[in-house]
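Listed below, chain by chain, are the residues.
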Amino acid sequence: PQVTTDAVIFKIHEGQLHVLLIVRGKQPDQKIRAFEGKLALPGGYLTKGETLEQCVQREVREETNFEFQSEIEKLKQFRCWSGKDRDPRDWSVTAVFLACVAEKGCHPIIADTDAQKAGWFPWEKLKNKIRQDQRDPLGETNLAFDHAEILLEAHRHLRENAHKYVFDLLPSEFTLTQLQNACDLFLEDGQKLDHGNFRAKLRLRTKRKTSTEMLELQERKGRRVSFVDSIADQVVGTGRLEEGKPK
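*Asks:* What exactly am I supposed to notice about the overall build of the protein here?
*Replies:* Each helix and strand in the protein was counted, giving 8 helices and 7 strands. Scored against the burial criterion, the 247 residues of the protein give a buried share of 47%. Considering only contacts in the protein between residues 6 or more positions apart, those separated by 24 or more positions represent 68%. When the accessible area of the protein is evaluated, it comes to approximately 13,500 Å², of which 50% is carbon and sulfur surface.

Rendered as structure tokens:
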């Protein structure tokens, strides 16, 4: 099979989760002419001598002008897709990489190579369109290849592992309000974080960061820890909450 890479990159813009996508330009291959003008994840073919990590970084940079630079550690291989019908040109296997990045410091997005356009697209609007088309047998999601499936699976993984990703969406120093708003984006549709409870638990951990509490946290590893508890624990551990900015 041919080997490709694709990137799912999320960031928060104007209080909402956005995902980096391209609009595919004219296609020289007749087999994928149907994908002209379709949204797609940035990505492409692995070239000789490249690692998967080098390939995905190159493709993202060439198609969108996005550079990871110091945030490269946030780019992690998520999983592979290998369905025989996923690409009409040939059987291909794609390694999908996932990253959450902070908006501050992001390079301007500029489409190039085979991308007609590129930009950050609001995730909720895109997700609702995908789900609507899944319910309608005649519906046609405006996404190329199997990228709708990949995006839904990536977002599900993000939500289930929110405590691992939420800090990647925030600047190096952030306010408690910024953290709470970011956490809200990971909850089920219609749900909101109990901000009062969150603040109370965070204050408790900030005041009681002692060897006794750390021992309690170690003992708790064997059972499920709530989302709020997990986030609050990590705030204490990172020390990134801005001093004097509790709101």
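Let us keep going from here.
*Asks:* Explain the pairing of strand S1 (residues 2–13) here, please?
*Replies:* Walk down a regular strand and you will see the side chains alternate between the two sheet faces. In terms of burial, S1 is largely enclosed, as 9 of its 12 residues are buried. Relative to strand S6 (residues 92–100), S1 is paired through 9 bridges, and the arrangement is parallel. Directly across from Val-3, in S6, lies its bridge partner Val-93. Pairing between S1 and strand S4 (residues 43–45): 3 bridges, direction antiparallel. By the bridge assignment for S4, Asp-6 is matched with Gly-43.

*Asks:* What am I meant to see in unusual backbone geometry here?
*Replies:* With glycine set apart, most residues show a phi of negative sign, and most peptide bonds adopt trans. A positive phi angle, near 50°, is found at Glu-14, a position not held by glycine. With respect to the helices and strands, the residue Glu-14 is situated in the loop between S1 and strand S2 (16–24). The phi torsion at Thr-113 lies on the positive side, around 50°, for a residue other than glycine. Tracing the backbone through its elements, the reader meets Thr-113 in the loop between S6 and strand S7 (115–122).

*Asks:* Honestly, helix H3 (residues 147–160) in this entry has me stumped. Any pointers?
*Replies:* Given 3.6 residues per helical turn, the α-helix brings residues three or four places apart onto the same face. Here H3 spans 20 Å end to end across 14 residues, near enough to the 20 Å set by a 1.5 Å rise per residue. Judged by how many residues are buried, H3 sits mostly within the fold: 10 of 14 residues are covered.

*Asks:* I would appreciate a short explanation of helix H1 (residues 52–64) in the present structure.
*Replies:* With 13 residues, H1 extends 18 Å between its outermost C-alpha atoms, agreeing within 8% with the 18 Å of an ideal straight helix rising 1.5 Å per residue. In this fold, the buried residues of H1 make contact with S1, S2, S4, S6 and S7. Where H1 ends, the next residue or the one after it, Asn-65, has phi of about 75°, a positive value.

*Asks:* Would you mind showing me how to read the pattern of salt bridges here?
*Replies:* Enumeration according to the criterion identifies 10 salt bridges in this entry. The salt bridge partner of Lys-11 is Glu-103, with a shortest N-O separation of 3.3 Å. Of this pair, Lys-11 sits in strand S1 while Glu-103 sits in the loop between S6 and S7; the two residues are 92 residues apart in sequence, bridging distant segments of the chain. Its relative accessible area of 6% is what places Lys-11 among the buried residues. Look at Glu-103 and you get partly exposed, because its relative accessible area is 32%.

*Asks:* What's the story with the environment of Cys-55 in this structure? I'm lost.
*Replies:* Relative to the helices and strands, Cys-55 resides in helix H1. For Cys-55 and Gly-44, which are 11 residues apart along the polypeptide, the C-alpha to C-alpha distance reads 7.7 Å.

*Asks:* I keep staring at the nonpolar core and nothing clicks. Help me out?
*Replies:* Inside soluble globular proteins, nonpolar side chains tend to come together where they are buried. Val-8, Phe-10, Leu-126, Leu-151 and Leu-179 are the most contacted members of the largest nonpolar core, which has 41 residues in total. In terms of residue count, the dominant contributor to this core is H3 (6 residues). If we ignore the near neighbours within four places in the chain, the residues touching Leu-126 are Val-19, Leu-21, Leu-39, Leu-143 and Leu-151. One finds Leu-20, Val-60, Ala-95 and Trp-120 within the second-largest nonpolar core, a separate group that totals 13 residues.

*Asks:* Looking at this structure, how should I read the confidence of the model for the protein?
*Replies:* Low-pLDDT stretches of the model should not have their predicted coordinates read in fine detail. The share of residues in the protein with pLDDT of 70 or more is 74%, and the mean pLDDT across the chain is 80. A low-confidence stretch, residues 208–225 stays under pLDDT 50, and its non-local contacts, those more than four residues away or across chains, total 11 contacts. Low pLDDT, under 50, characterises residues 243–247; the predicted model gives this stretch 8 contacts beyond four residues in sequence or across chains.

*Asks:* Help me out: how do you make sense of the side chain of Ser-92 in this one?
*Replies:* For Ser-92, the position within the fold is in strand S6. With a relative accessible area of 2%, Ser-92 lands in the buried category. A polar contact of 2.8 Å, which involves the side chain of Ser-92, links it to the side chain of Arg-86. Excluding residues within four positions of it along the chain, Ser-92 makes contact with Pro-1, Gln-2, Trp-81, Ser-82, Gly-83, Arg-86 and Asp-87.

Quick notes on the rules
Residues numbered from 1 in each chain as written. Predicted model: local features only at pLDDT ≥ 70, side-chain atom pairs only at ≥ 80, totals over all residues. Heavy atoms only, no water. Helix = DSSP H or I, 4+ residues; strand = E, 2+ residues; numbered from the N terminus. Buried < 20%, exposed > 50% of the residue type's maximum accessible area, 1.4 Å probe, protein only. Contact = heavy atoms within 4.5 Å. Areas by Shrake-Rupley, 256 points an atom, 1.4 Å probe, with all protein chains shown as cover. Pairing = 2+ DSSP bridges. Expected span 1.5 Å × (residues − 1). Salt bridge = Lys/Arg side-chain N within 4 Å of Asp/Glu carboxyl O. Core = buried A, V, L, I, M, F, W, Y, C linked by side-chain atoms within 4.5 Å. pLDDT = per-residue confidence, 0-100. Polar contact = N/O pair within 3.5 Å; in protein donor to acceptor, adjacent residues only side chain to side chain.

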